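# Overview (structure and organization)
Below are the chains, spelled out letter by letter.
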Amino acid sequence: MIDRKRLTAFFALLAMYNMTSNFAHPVTPTLIVERHLDSSMFGVAMAAMTTTYFLFAPFWGKLCGYVPTKRIVLICLFGHAAAQAIFGSSYSEIQVIVGRALAGIFGSGVYTAILNYVCNVSGDPAAKGRNLTVMVTVQNVASAVGFFIGGLLGLISLRASFTAQVVLIILVGVGLYSVCLDDTPFKVRPDEPLTARAVNPFSAFLSARSFMTPMLGLIFIIVAVAGVGQTAFDQCFNYYIKDQFGLSSAYNGVFKGVIAALTLLTNTTVSLRLVSKTDVNRTFLPVMAAAAASLGVVLLWNTLPAFVIIYVLFSVLNALRMPLLQNMCSMRTSPDNSNAVMGFYQSMSSLGGIFGALFAGLIYDLNVMLPFILAFIAFAAACMISAVYVKKYTKERGA
């Protein structure tokens with residue numbers, strides 16, 4: 001299994017990727033406004049990315065069974081860099097959609113391969129749980145830091161944000177390929193050869209029937225429904241403070257910087273304790289409920305200070321729930337289906353993102369508060385489904 005020094009280098013490079021991949025997010029509202037694109041593009045562009053993410057995550061998960069994951073990471077990081085170059089140079093809605101769609105294809109490959117890599121090289125379940133928690137912590141903290149840096153680069157120019165992003169993603173790709181182990185000895189290679197039909201994104205998605213169980217199905221539904229709320233709130237907030245309050249990208253960055261600090265504190269204390277000391281199949285429910293409650297507060301007090309406070313609180317709670325759900329999912333895998341299951345997990349998260357981003361973009365012009373109402377309803381529904389899961393899990397454990 002992987003040694004501590006190599007694992008530390010892996011997480012450092014993963015942090016760099018998550019940081020740089022977020023350079024563009026705080027300046028996207030600026031790009032839309034300055035290049036006179038339709039206001040719905042903040043949601044439509046994200047929906048384009050999450051749609052291709054949803055379609056291709058199972059494909060990459062299936063491919064991980066045949067190909068060393070570090071090779072997939074390298075290819076997809078180079079592809080992601082190209083996609084961001086297209087996005088950053090966009091002056092039309094079509095260019096934006098193409099760039100975002102390509103980012104979804106290759107971004108899904110990066111995250112699916114990395115998730116499978118951690119599961120494959122961690123060894124025993126306890127180490128896997130710790131490493132998954134560290135991975136999610138790194139992703140969330142580094143993403144928030146990247147949002148902060150991207151916001152500051154946006155004050156220089158849009159070109160500064162996108163150029164730095166493209167260059168650094170390429171460098172991370174080379175670094176991860178050098179640091180990562182060949183995980184082939186740690187996974188079960190499928191007996192059947194890889195065919196063109198098997199790598200079809202739709203066929204890979206349908207192959208979920210081979211590993212799906214009622215309890216896994218509930219987890220995936222929770223992930224998808226919560227994804228609607230998370231994306232609707234996150235995407236709309238970024239555009240809302242630019243559109244309604246005229247705040248620059250630097251403010252988005254500052255908010256994310258605060259989130260980064262709080263997420264690091266929470267995930268290195270509360271999250272690790274929940275994963276190691278509690279049954280996450282039960283303790284994830286209060287976290288879900290707290291996130292839903294925070295979104296409800298925004299509907300009562302929709303002032304700028306309230307929005308900012310709830311945005312920070314919700315983001316921290318969301319970062320807390322993610323490793324819990326990933327652990328719940330990984331607990332229900334076996335060596336021969338782990339790659340496919342975790343790829344499907346990523347796909348379900350994207351499925352929620354598709355509807356969250358698309359609906360948020362389309363209904364924003366009707367009433368700027370509608371996306372926030374959608375986010376609250378989605379998380380409330382995810383909480384109810386979570387309660388059903390806990391009830392079934394308790395019955396399952398008692399059987």
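Our structure's up above, just so we're on the same page.
So, here is what we can say about the structure in this document. (Residues numbered from 1 in each chain as written. Predicted model: local features only at pLDDT ≥ 70, side-chain atom pairs only at ≥ 80, totals over all residues. Heavy atoms only, no water.)

## Focus: unusual backbone geometry
Look at H36: it is not a glycine, yet its phi comes out positive at around 55°. In this fold, H36 is placed in the loop between α2 (28–34) and α3 (41–63). (Helix = DSSP H or I, 4+ residues; strand = E, 2+ residues; numbered from the N terminus.)

## Some details on the packing of aromatic side chains
To describe a pair of aromatic rings, one takes the distance between the centres and the angle between the planes. This structure, assessed with the given rule, holds 16 aromatic pairs. Ring plane angle 75° and centroid distance 5.6 Å describe the contact between F233 and F372, whose orientation is recorded as edge-to-face. With F233 in helix α9 (residues 214–243) and F372 in helix α14 (residues 370–398), the pair connects residues that are 139 residues apart, well separated along the chain. A single burial state applies to F233 and to F372, both of which are buried. Aromatic side chains F314 and F379 sit 5.2 Å apart centroid to centroid with 80° between the ring planes, which places their arrangement in the edge-to-face category. With F314 in helix α12 (residues 304–330) and F379 in helix α14, this pair connects stretches of sequence that are 65 residues apart. Here the two residues F314 and F379 agree in accessibility, since each one is buried. The lysine or arginine in question, R35, covers the ring of Y91, its NZ or CZ lying 4.2 Å from the ring centre. In this arrangement the basic side chain of K70 is found over the ring face of Y177, its NZ or CZ atom lying 4.7 Å from the centre. (Phe/Tyr/Trp six-rings, centres within 6.5 Å; stacked < 30°, edge-to-face > 60°. Buried < 20%, exposed > 50% of the residue type's maximum accessible area, 1.4 Å probe, protein only. Lys NZ or Arg CZ within 6 Å of the ring centre and 35° of its normal.)

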